[in-house]
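Working through the structure, step by step
Here are the chains, one letter per residue:
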Amino acid sequence: MKKVDMPLKQYIKTLKAKIFTIKNISWKSPKVIGGYIALMLLMGSGMVYLNSTTSAVYVIVNGEKVGLVPNKDKAGEMLNQILSEKGAPLGIAAKTHDGITYSSVRIENADYRALSKETLAEDISYYVDGVMLTVNQEPIFVLPKAEDGEKLLEDFKEYYTQPSDKNQVTSVSFEDEVKTQLVEAPLDQVISYEQALEKLKQGKLLKEDYTIQENDSWWLIARKNDMKTKEVLASNPGTNEDAILKPGEKITIAKVKPYITVVSEGVRTDTETIPFEVVTKTDTSLPSGQAKVKQAGSDGQKEVQYAYVQKNGKVVSQTVKDEKVLKEAVSQVIEKGPQRVTVAYSRGSGRIASGLSWPLRGSITSYYGYRGSDFHTGLDIDGDQGEPYAAAGAGKVIGAGWSGNYGKNITIDHGDGIVTRYAHSSKLLVSVGENVSKGQTIGLVGSTGRSTGSHLHFEVIINGDSVNPLNSLR
Ligand SMILES: [Zn+2]
C-alpha cells in the first residue's frame, strides 16, 4: 500500500491540492459527487437553522429580564390586563411606576418558554392614585377614587342621622377633625369603598388591661367600664359569669371606639303609649282584702316631638317640644274592701329581719357595700326581663311606683321597723296598701331606672337605714 508509506503531512498537502483543483476534475468523478453532497448538507443546515429558531421579545422590568413573549403588542396587552385585574376589586385600574422595556431576540424553539401573565404580575409593583382619610391628623385608610372621600363622609353621616318624615335633621357635624387628601398609595394599602364604610361603622377595637379590685364582679367591672357583662366576658375568651375573679389579677377590656363621632341635631316625632292608671276605690260593701275590677283600663297614645342632640345615633340630650294626645288612656277602676293604708313605715326592733327569704333565685352580680366611691345600698340579683320575683316576707306594700334611679320599685313594710325594697322592675303586680304574704309574686324583673341589664336590686332597710341583705336572707 503506497499511501500508507507516505508521511502524514505530505498526504494532507496532496489532499488539499486536489480539493483546490476540483474544477479540473470531471463531474463524473466520485470526488466531485462527494463535494457536491457536502455543499448540499451545508446549505440544508442553514435552512434547518431558520426553521428551528423563532423571533421573540424579552420583557424587562426595572432592567431585569423576566421572560419572553411573542411580540411587543402581546406584552402590552398582558400588562393592561394585569393592571385592570389588580385594580378590579377596588373598581379601578392599578398603575405602576416600574420601567418596562422590551428587547427583540431570536431564540431556539426548544428554548422558548412563554412568560405567563401570573409570573409577570408578580414581578411588578403597583400603586393607586387614591384619597386618604385622616381623623385628628391620624391616617385611617386610603380609598381608590378621589371622589370617594366626600361621598364616604356623607354616607357615614346619613348612617347615623337617618333623616325621615318623623326625623327632621337640622345640623350634622363631626366632633373630630376629618380631612381627605389625594395621595399615591401602594395597591395593598388601599381598601374598597364598601370596606371603608364598614370600617367606619364598626369603629376601632381598643384593648386595655384591667386590674381586678377587691369585691369586683363581672357585672361590676362591666358597669365601671360602661359596658355590658357579656361584652366584658367576650373580651376574655374562655371565661363565663361563674369564673372566679382574683383581686390583683389582670383581665382584658376590649372596647370599640368610633373613628369619627357624628354630632347631629334635629326634631324627632315619636308615637308613645300613655299607660292607663289604676284607681282604687273603697267599697265598704266588700269584705276587707277583696277586690274587683269595676272598669278595665286601656292604654292611650300620644305623639311627642323631641328636640334632640345625638352622637353617632345615640341621644345625648333631648327636650320635649310638643305633645299631642292621639287617644286618651282609660283608667282601670278597682273596688276594694275597707283597708287601712300605711304610708310611713313602722319603727321597731328589726328582730324578724333575720327570717327573710330570697326574692329571686339568681347569681349575685353586685354586693352591698362600697363600689369605688359609691355606696351600693342593696344586693343585685341577676334575672331575666319579665321574670317574677317575690316578697321576702309578709307585710304591707307602702310604695309601688316610679322613683328616680330605682325605676319601678316596690317597698314593703314588714313591721318592727323592717322594710324591703325591690327595684328596676319591668312591671309591678301590687299596689300601695295591699297586704302580701312571704313568697307572693309582687313584680317582674326589668331594667328601669338607673340600671345596666335586667336584674333585681334588693334592699333591706331597718329603722330607715339600709343593711346588708345577706345578713337577713335565709
Ligand atoms: Zn343595685
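These figures come from a predicted structure and were not determined experimentally. Counting restarts for each chain: residues are numbered from 1 in the order of the written sequence. Totals for whole chains, interfaces and linings use all residues, but because this is a predicted model, local features are given only for residues with pLDDT of at least 70 and pairs of side-chain atoms are given and counted only at 80 or more.

1. So, the overall build of the protein chain
- The way it works is that DSSP assigns letters per residue, a run of H or I at least four long becomes a helix, a run of E at least two long becomes a strand, and they are numbered from the N terminus. Looking only at helices and strands, the protein chain has nine helices and 28 strands in total.
- Across the 474 residues in the protein chain, those meeting the buried criterion constitute 22%.
- Within the protein chain, contacts between residues at least 6 apart in sequence are counted, and of these 71% link residues at least 24 apart. Exposed residues have 12 or fewer other C-beta atoms within 10 Å of their own C-beta, buried residues have 20 or more, and residues in between are partly exposed; the C-beta atoms are placed from the backbone. Once C-beta atoms are placed from the backbone, any two residues with those atoms within 7 Å are in contact.

2. Quick look at the nonpolar core
- As used here, a nonpolar core is made of buried Ala, Val, Leu, Ile, Met, Phe, Trp, Tyr and Cys residues. They are joined through C-beta atoms within 7 Å. In terms of nonpolar packing, the biggest core is built from 26 residues, with Val-397, Ile-410, Ile-412, Tyr-422, Ile-442 and Leu-456 touching the most fellow members.
- Ignoring sequence-local partners within four residues, the contact set of Ile-412 consists of Ala-391, Gly-395, Lys-396, Val-397, Ile-398, Val-419, Thr-420 and Val-436.
- Tyr-126, Val-128, Val-142 and Ile-260 belong to the second largest nonpolar core, which has 16 residues in total.

3. As for the sheet that holds strand E7 (residues 178-186)
- Reading across the sheet, the three strands line up as E5-E4-E7 and stay open at both edges, with antiparallel pairing between neighbours. The outermost strands of the open sheet, each flanked by one partner alone, are strand E5 (138-143) and E7. On average, each strand axis in the sheet is inclined to that of its neighbour by 35°, with strand direction left out of account.
- Should DSSP find at least two bridges between two strands, the strands are taken to pair. In this sheet, E7 lies alongside strand E4 (residues 127-135) in antiparallel orientation, the contact comprising nine bridges. What sits directly across from Tyr-127, in E7, is Pro-186. Here an axis means a line fitted to C-alpha atoms, over the contact stretch when the element is a helix, while the angle between two N-to-C directions is reported on a 0 to 180 degree scale.

4. With respect to the sheet that holds strand E3 (residues 100-108)
- Taken together, three strands build an open sheet; the order of strands is E2-E1-E3 and the sheet is antiparallel. The open sheet has two edge strands, strand E2 (64-69) and E3, and neither has a second partner. Strand-to-strand twist of the sheet, defined as the mean angle between neighbouring strand axes without regard to direction, takes the value 30°.
- Relative to E3, strand E1 (residues 53-61) runs antiparallel, the two sharing nine bridges. The residue of E3 that forms the bridge with Thr-54 is Ile-107.

5. Some words on the packing of helix H6 (residues 148-161) against helix H7 (residues 193-202)
- Interhelical geometry of H6 versus H7 gives an angle of 40° and a closest axis separation of 10 Å. Compared by their axis directions, H6 and H7 come out oblique. Between H6 and H7 lies a crossing whose hand is right-handed. Taken together, the residues of H7 that come into contact with H6 (itself represented by Asp-148, Leu-152, Asp-155, Phe-156 and Tyr-159) are Tyr-193, Ala-196, Leu-197, Leu-200 and Lys-201.
- Residues of the contact of H6 with H7, tallied by class, amount to seven nonpolar, no polar and three charged. For classification purposes, angles smaller than 35 degrees are called roughly parallel, those larger than 145 roughly antiparallel, those between 65 and 115 roughly perpendicular, and all remaining angles oblique. By convention, the crossing between two helices is left-handed when the near helix turns anticlockwise from the far helix through less than a right angle, and right-handed when the turn is clockwise. Classification used: nonpolar for Ala, Val, Leu, Ile, Met, Phe, Trp, Tyr, Cys and Pro, charged for Asp, Glu, Lys and Arg, polar for all others including Gly.

6. A short note on the pairing of strand E19 (residues 379-382)
- Along E19, one buried face is formed by Leu-379 and Ile-381 and the opposite face, lined by Asp-380 and Asp-382, is buried too.
- In this sheet, E19 lies alongside strand E16 (residues 364-366) in antiparallel orientation, the contact comprising two bridges. Each bridged residue has a counterpart across the sheet, and for Ser-366 the counterpart in E19 is Asp-380.
- Note that E19 and strand E27 (residues 455-462) share four bridges and pair antiparallel. Looking at E27, one finds that Leu-379 is bridged to Phe-458.

7. Regarding the environment of Gly-203
- In this structure, Gly-203 sits in the loop between H7 and strand E8 (204-211).
- Residue Gly-203 is classed as partly exposed on the basis of its 15 C-beta neighbours within 10 Å.
- Distance in space between the C-alpha atoms of Gly-203 and Lys-257 is 5.4 Å, their sequence separation being 54 residues.
- With residues near it in sequence (within four places) discarded, Gly-203 still touches Val-256, Lys-257, Pro-258 and Tyr-259.

8. Observations concerning helix H4 (residues 72-87)
- Here, expected helix span is obtained from the residue count minus one, scaled by 1.5 Å. In a regular helix each residue adds 1.5 Å, so 16 residues correspond to 22 Å; H4 covers 23 Å between its end C-alpha atoms and thus fits that length.
- Inspection of H4 places Ala-75, Leu-79, Ile-82 and Lys-86 among the buried residues, and these make up the whole buried set. Looking straight down H4, one finds that the buried residues subtend no more than 60° of arc, so they occupy a single side. Opposite its buried face, H4 presents the exposed residues Asp-73, Asn-80 and Ser-84, each directed more than 90 degrees away.
- Check the buried side of H4 and you find it contacts E1, E2, E3 and helix H5 (117-122). The arc in question is traced by the directions running from the helix axis to the C-beta atoms.

9. Some points on the environment of Ser-84
- Looking at the element boundaries, Ser-84 is found in helix H4.
- Separated by ten residues in sequence, Ser-84 and Ala-94 have C-alpha atoms that sit 6.1 Å apart.

10. Some remarks on the confidence of the model for the protein chain
- In this model, the protein chain carries an average pLDDT of 85, and 84% of its residues clear a pLDDT of 70 or more.
- Confidence scores labelled pLDDT are given residue by residue by the predictor and lie between 0 and 100. Across residues 1-6, where pLDDT falls below 50, the model places two contacts with residues more than four positions away in sequence or in other chains.
- Every residue in residues 14-25 is under pLDDT 50, and counting partners more than four places away or in other chains gives four contacts.

11. Regarding unusual backbone geometry
- Of note, Asn-62 is a non-glycine position whose phi angle comes to about 45°, a positive value.
- Mapped onto the fold, Asn-62 is located in the loop between E1 and E2.
- The residue Gln-137 is not glycine, and still its phi comes out positive at about 70°.
- As for its position among the elements, Gln-137 is in the loop between E4 and E5.

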